[in-house]
Every structure is written in C-alpha cells, then in structure tokens.
Amino acid sequence: MSLSGKKDKKIRIINHRHCRICGKAIPPDKELCSAECEGVQAKIEARQKRMKNVMLVMYAVIFLVFLIMLLIGGSR
Ligand SMILES: [Zn+2]
C-alpha cells in the first residue's frame, strides 16, 4: 500500500494505453484490444522465443568454433 501515492501520479499521466498490435486506445488495465490481437501477439512472442533459441545456439556454435580455433592456434 506504500506505493499507492506514486501510482496515482503515474496513472494521471498514462490514463490509457494503446494496443500493442493495432495501436487502438484501450483501458490501462488491458494490453491488447481484442482476442484477434491477442492471437497476433501470441504468434509474435512464439516467434521471438524461437529466434532467441536460434540466436543462443548460434552464439554457442560461434563460441565453440572460436574456442577450437584458439586451442589449435595455441598448440602450434
Ligand atoms: Zn488491437
């Protein structure tokens, strides 16, 4: 409850939000305007998650190759 004073100030500035998908004005307690946009958002998040995994694997491979090259170079 100690944060309620600060929260009030913020709410006065941000008294509404915009749908993250289509940009429509929506109530501040919502993130998206409709089930349709929720579906789009879920798709985007799934893609981002997959991209993150791909990036992680790529970094791991690059790191391993770098490490192997370093080991080969160091043994000479
Ligand atoms: Zn929307």
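Residues numbered from 1 in each chain as written. Predicted model: local features only at pLDDT ≥ 70, side-chain atom pairs only at ≥ 80, totals over all residues.

(A) Local environment of the overall build of the chain. A tally of regular secondary structure across the chain gives two helices and two strands. Going from the N terminus to the C terminus, the chain shows its helices and strands as α-β-β-α. Look at the contacts in the chain between residues 6 or more apart in sequence, and 0% of them connect residues 24 or more apart. (Helix = DSSP H or I, 4+ residues; strand = E, 2+ residues; numbered from the N terminus. Contact = placed C-beta atoms within 7 Å.)

(B) Spatial organisation of the confidence of the model for the chain. The predicted model of the chain averages 86 in pLDDT, with 79% of residues at 70 or higher. Confidence, read as mean pLDDT per element, is least for helix H1 (residues 4-13) in the chain (56) and greatest for helix H2 (residues 35-75) (95). (pLDDT = per-residue confidence, 0-100.)

(C) Just the environment of Gly39, in detail. Within the secondary structure layout, Gly39 lies in helix H2. Counting along the chain gives 18 residues from Gly39 to Ile21, while the straight-line C-alpha distance between them is 9.9 Å.

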